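One letter stands for each residue in the lines below.
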Amino acid sequence: MCKNIAITGCGIIAAKQIGSAKHLCFSGFSYPVGEVDYSNKELKDMLDIPCSQLVSRTSLLGIYAVREAAANAGISTDAFGKCVLVSGTTVGGMDLTEQYWNVIDTNPSVMLQHDSGSCTDVIKQYFGFFDRATTISTACSSGANAILLGAELLATGKADIVFAGGTEALTRFHLSGFASLMILDKDVCRPFSPNRSGLNLGEGAAFVVMETAEHAQKRGAKILCYYRGGGNACDAFHQTATSPNGEGAYLAMTQALKNACLEPRDIKYVNAHGTGTINNDESEIAALKRVFGEELPIVESTKSITGHTTSAAGAIEAVICIKKMQENPSLINVMDNSFGFGGNDTSLVLSVNPSKADIIKYNNNIEIETIARSEITSEEELDDIKQFLKPTEYRRMGKILRSSLLTSLRALKESNIAVPDAIITATSLGCWNNSEAILDNIDEPKPTLFMQSTHNTIGSNIAIYLKCHGYNITYTHGRSSLQMALDDAEILIKSGKCKNVLVGLHEETTEKYRNLMKNNGVEGLKPLYSLSMVLTAKS
C-alpha cells in the first residue's frame with residue numbers, strides 16, 4: 001500500500017502583474033487582466049511549433065508548463081514507467097473558436113480543437129512519454145482536482161508518474177461572461193481588503209510531477225515536497241455564489257486535513273481562493289474560522305499578481321505553495337484552496353515531511369455493480385421533470401440540465417437512495433446550447449447563459465437540487481469521459497470513501513454543431529442524450 005506521494009518537479013507560466021490586455025484583441029474591454037507576456041507566435045517559437053500550425057493558447061501555455069515541469073523533474077523521452085497527464089481546463093480551445101466563429105462554416109476544422117479534452121490531447125501529443133491523458137473541468141477548482149486525482153492514480157497503482165495541473169487562456173468568451181455578472185474590478189483586485197470590489201481575470205498554466213516516494217528514490221529524483229492529502233466537496237448552494245458559512249469550503253478543508261493526518265494547528269500557510277469579490281472572501285473567511293478558529297495561520301491570496309486564472313488557479317497556486325515552502329523552512333505544512341462555480345470546492349495539503357499513514361486504503365477485491373440506470377435520448381421525454389420543479393426553476397434550466405436532473409432522480413429513486421455519496425459527471429461539451437448562444441452575441445452575453453455555460457454546471461445543478469455536499473467532479477475528455485468517470489467511481493468505492501456514486505454521461509448539440517462536425521467526418525451526434533447510473537459495491 002502506498003504511503004507517500006512525492007512531488008519531484010513543477011512548471012509554471014503566469015502573469016507577473018495585473019495590467020491591460022496586450023495579446024488578446026478585445027476592443028472596448030476596459031478591465032485589467034493578468035496576461036502572460038508572450039504572444040502566441042512567441043510561445044510557438046519557444047516550443048518549436050510552426051507558426052502556421054493552429055494551436056489554442058490554452059494548449060501552448062500547458063505545453064510550456066509541462067515542459068518546464070519535466071525538465072525540473074529530470075524526465076525526458078524515458079518516463080520511467082506508466083506516465084499519465086491529468087489536466088484541468090474549462091475554456092479549452094475557445095480562443096480559436098471565438099476567433100473563427102463568424103466564418104466557422106468555412107473553417108469547420110477549428111471545432112476539432114474546441115473541447116477541453118482536445119487541448120489536453122495536443123499537450124500529450126507534443127511529448128513522447130505520456131501513456132494516456134485525462135481532462136477535468138470543475139471551473140476554478142479544475143487544476144486542484146487534477147492534482148487530487150493524480151495522487152489517487154498513483155496510490156492505487158494506476159500510474160507510475162503523473163503530470164497534474166491546469167491550463168487556461170484568456171478569451172473574450174469568459175471576459176465578457178464575467179463582466180455580465182458584474183464581479184470584475186476596474187482596478188487591481190484587493191482580496192480580503194475591506195474596500196475590495198471584484199476580481200481580475202488571468203491566464204496561465206502550472207503542472208506538478210507526482211510519483212510515489214519509492215519510485216522517486218529508485219530513479220534518483222529530488223523530492224520537492226509531499227502531497228499529504230486533499231478534500232473535494234460541493235457547496236450545493238448556487239451556481240455562482242457561495243454559501244454564507246462556506247459549507248463546501250469548510251468540508252473540503254476538513255477532509256484535506258483528515259486525509260493528511262494533520263490538525264488545523266499544523267497548517268502554517270494557506271493560499272486562499274481569495275478572488276476579491278465581496279461574496280467569495282466573506283464566505284471563505286467564515287469557512288477558515290470554522291476550521292482554524294480565530295487564530296488563523298498566514299492566509300494569502302496571490303490573485304492580485306496573477307489574476308484569477310480560473311481552471312489553472314489551483315495548480316498555479318500549488319506551485320506557489322511549493323516555492324513558499326522552499327523559501328521559508330518554517331512553513332512545514334501548507335494548504336491550497338480552490339473554490340469553483342457550482343460550489344466545486346477543493347483543498348490540498350502539501351508538506352515538507354512524508355506522511356506516516358496510507359494516502360488511500362484500496363481494496364481491489366471489491367466488485368462494483370450498477371444497481372440503477374436511467375436514459376433519455378430525445379427532448380420529448382423531458383416533460384416528466386416538471387413534477388420535480390417549480391415553473392420558474394424549469395424555465396431557467398436548459399435542456400441538458402433538465403435531462404441530466406431527470407435521469408439522476410429516476411436512477412436514485414430506483415436505487416432507493418435519496419442523496420448519493422458522490423456525483424461524477426462525464427460530458428464533452430457541457431451546456432453547448434448556451435455556449436453557442438454566447439458566441440453569437442459575445443460582446444453582451446446574458447448573465448443567465450454564462451452562469452450555465454461551464455461543464456460542471458450539470459453536476460453542480462444536480463448537487464444543488466439534492467443538497468448533496470459530497471465529492472463532485474466533471475470529466476471532459478471526449479468519448480473517453482464516461483470511462484474516466486467510471487474509473488473514478490471505482491476508486492471512491494474500493495477505497496471506502498463512498499458507498500454509492502451517481503455517475504452520468506450528458507451531452508447536447510445544436511444543428512450547427514452537428515453540421516460542423518459532419519464536415520470533419522464525425523457523424524452520429526445526438527441533439528440530446530443523458531444517462532445516469534448508480535454504482536455500489538457488490539454485496
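Located above this text is the structure these notes cover.
Nothing here was measured: the structure is a model prediction, and the numbers come from that model. (Residues numbered from 1 in each chain as written. Predicted model: local features only at pLDDT ≥ 70, side-chain atom pairs only at ≥ 80, totals over all residues. Heavy atoms only, no water.)

Q: Just checking my understanding: could you explain the pairing of strand β12 (residues 422-426) for this structure?
A: Remark: a regular strand shows side chains that alternate across the two faces of the sheet. β12 sits mainly inside the fold: 5 of its 5 residues count as buried. By the alternation rule, side chains of β12 split into Ala422, Ile424 and Ala426 and Ile423 and Thr425, which are all buried. In this structure, β12 lies alongside strand β13 (residues 471-475), joined through 5 bridges in parallel fashion. Directly across from alanine 426, in β13, lies its bridge partner tyrosine 475. (Buried < 20%, exposed > 50% of the residue type's maximum accessible area, 1.4 Å probe, protein only. Helix = DSSP H or I, 4+ residues; strand = E, 2+ residues; numbered from the N terminus. Pairing = 2+ DSSP bridges.)

Q: Is there a simple way to think about the pattern of salt bridges in this case?
A: Opposite charge on two side chains makes pairing possible when the charged atoms of those side chains draw close. Following the criterion strictly, the structure yields 20 salt bridges and no others. The salt bridge partner of aspartate 45 is lysine 41, with a shortest N-O separation of 3.1 Å. In this pair, aspartate 45 and lysine 41 are both assigned in helix α1 (residues 40-47), 4 residues apart and thus about one turn of the helix distant. One salt bridge connects arginine 196 with aspartate 281, and the closest N-O pair in it is separated by 3.4 Å. One end of the pair, arginine 196, is in the loop between α6 (172-180) and β5 (204-212); the other, aspartate 281, is in helix α9 (residues 278-292), with 85 residues separating them in the sequence. Look at arginine 196 and you get buried, because its relative accessible area is 12%. (Salt bridge = Lys/Arg side-chain N within 4 Å of Asp/Glu carboxyl O.)

Q: What is the right way to read empty space enclosed by the protein from this model?
A: Throughout the structure, instances matching the rule amount to 2 cavities of 30 Å³ or more. In this model, the largest cavity occupies a volume close to 280 Å³. The wall of the largest cavity is formed by 24 residues, among which Thr90, Val91, Phe173, Ser453 and Thr454 lie closest to the centre. Secondary-structure elements contributing two or more residues to the lining of the largest cavity are α6 and α14 (432-440). (1 Å grid on protein atoms, 1.4 Å probe; cavity = no way out; pocket = protein on both sides within 12 Å on 5 of 7 lines; lining within 4 Å. Points joined across faces, edges and corners; volume = space filled by probe spheres on them.)

Limitation: the analysis is restricted to geometry and does not speak to function.
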